[in-house]
Amino acid sequence: MSNRNSHVETLPESHVDLPLAVVKVHAHGAMYVSYAGRNFPPPTPGSPWSRARFGDLLDALTLGRTRTVRVEVQEFDGSVFTDIVHAVRSGHDTADAAPPSAMRRARHRPTHQLFEITGSGFIPGEDVTVALAVSSTEGSAGGIARGLVDLSQLADHRSEIMLIGRVSGVIISEQLPS
């Protein structure tokens, strides 16, 4: 028996080394940060890193999102969260391209046709379902109903729209305009 895969070449392992930023959050909200094993102080010595400045911290660690960094946040209660903050793509390849004209953008913009239905009698705070009726059916002698929907009917505006109160049982129905 021959081994057809005898000449398969194994590729060497490749490692991706991302710089690690460790953020230690203390009970009062102050954060002590290290980047690649070294202290990462805030840009202004008088204002320490804090939860309120977390976005500024991420921008500083990633050099304005130009480099990818693995961030590990160690909360004061012992929980640990990790994430990789990716660098954004450079815009130089799209910056040279001319922006599309206003006419071209307007031509591809979808036009929304909105229809509003309102009704009263619902319980304050109850979930109200907005339903689009495309067909109806009857219950059998055993109390079972079966519905089939022709998907081509969904594009047809000769339907009925309903508000259905899940707790109150209130049903408001209105025919869509043609």
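Anything mentioned here points back to the structure above.
Residues numbered from 1 in each chain as written. Predicted model: local features only at pLDDT ≥ 70, side-chain atom pairs only at ≥ 80, totals over all residues. Heavy atoms only, no water.

Undergrad: When you look at unusual backbone geometry in this model, what are you seeing that I'm missing?
TA: Leave glycine aside and you will find that most residues have negative phi; peptide bonds, for their part, are mostly trans. With a phi close to 55 degrees, alanine 36 is a non-glycine residue in the positive phi region. Within the secondary structure layout, alanine 36 lies in the loop between β2 (31-35) and β3 (38-39). Of note in the backbone geometry, arginine 65 takes a positive phi value of approximately 65 degrees without being a glycine. Position of arginine 65 among the secondary structure elements: in the loop between α1 (54-61) and β4 (69-74). (Helix = DSSP H or I, 4+ residues; strand = E, 2+ residues; numbered from the N terminus.)

Undergrad: Even after reading the chapter, I still don't get the nonpolar core, so can you show me in this structure?
TA: Side chains of a nonpolar character, in soluble globular proteins, are inclined to be buried together. One finds Val23, Val33, Phe40, Leu57, Leu61 and Val71 to be the most contacted residues of the largest nonpolar core, which totals 15 residues. Broken down by secondary-structure element, the contributors of at least two residues to this core are β1 (20-25), β2, α1 and β4. Not counting the four nearest positions on each side in its chain, valine 23 is found in contact with Met31, Tyr32, Val33, Leu57, Val71, Glu72, Val73 and Gln74. Counting six residues, the second largest nonpolar core, distinct from the first, contains Ile117, Ile161, Leu163 and Leu176. (Core = buried A, V, L, I, M, F, W, Y, C linked by side-chain atoms within 4.5 Å. Buried < 20%, exposed > 50% of the residue type's maximum accessible area, 1.4 Å probe, protein only. Contact = heavy atoms within 4.5 Å.)

Undergrad: What is the right way to look at the sheet that holds β4 in this model?
TA: What links the strands of a sheet is backbone hydrogen bonding, and the strands pair in either a parallel or an antiparallel sense. Strand order in the open sheet made by the five strands is β3-β2-β1-β4-β5, with mixed pairing throughout. Where the open sheet ends on each side, the last strands, each with one partner, are β3 and β5 (80-85). Examined bridge by bridge, β4 and β5 share six bridges and lie antiparallel to one another. Within β5, the residue paired with arginine 70 across the bridge is isoleucine 84. Sheet contacts for α1: β1, β2, β4 and β5; angle to β2, the most-contacted strand, approximately 10 degrees. (Pairing = 2+ DSSP bridges. Axes fitted to C-alpha atoms, helices over the stretch in contact; angles between N-to-C directions.)

Undergrad: Quick question: what am I supposed to make of the side chain of glutamate 72 here?
TA: Within the fold, glutamate 72 resides in strand β4. For glutamate 72, a relative accessible area of 15% gives the class buried. Setting aside anything within four residues of it in sequence, one finds glutamate 72 in contact with Leu20, Ala21, Val22, Val23, Val80, Phe81 and Thr82.

Undergrad: Which parts of the structure should I look at to understand the pattern of salt bridges?
TA: Pairing between side chains of opposite charge can happen when their charged atoms approach one another. Inspection of every chain in the model, using the stated rule, returns four salt bridges. The partner of arginine 51 in a salt bridge is glutamate 75, and the shortest N-O contact between them spans 2.5 Å. Within this pair, whereas arginine 51 is found in the loop between β3 and α1, its partner glutamate 75 is found in the loop between β4 and β5, the two being separated by 24 residues in sequence. The partly exposed category is assigned to arginine 51, whose relative accessible area is 44%. The exposure class of glutamate 75 is buried, given its relative accessible area of 18%. Across the pair aspartate 59 and arginine 65 runs a salt bridge, and its minimum N-O distance is 3.3 Å. Classification of aspartate 59 as partly exposed rests on a relative accessible area of 36%. (Salt bridge = Lys/Arg side-chain N within 4 Å of Asp/Glu carboxyl O.)

Undergrad: Hey, could you run me through α1 in this one?
TA: The periodicity of an α-helix, 3.6 residues per turn, causes residues three or four positions apart to be oriented the same way. Along α1, the positions that sit buried rather than exposed are Leu57, Leu58 and Leu61. Down the axis of α1, the sector holding all buried residues measures 100 degrees, keeping them to one side. Where the residues of α1 are buried, they touch β1, β2, β4 and β5. With its phi angle positive at about 55 degrees, leucine 63 sits one or two positions after the end of α1. (Arc of directions from axis to C-beta.)

Undergrad: Please clarify how the environment of aspartate 83 should be interpreted in this entry.
TA: Structurally, aspartate 83 can be placed in strand β5. Each C-alpha atom of the pair aspartate 83 and valine 69 lies 8.5 Å from the other, and the pair is 14 residues apart in sequence. If we skip the residues at most four places from it in the chain, aspartate 83 touches Val69, Arg70 and Val71.

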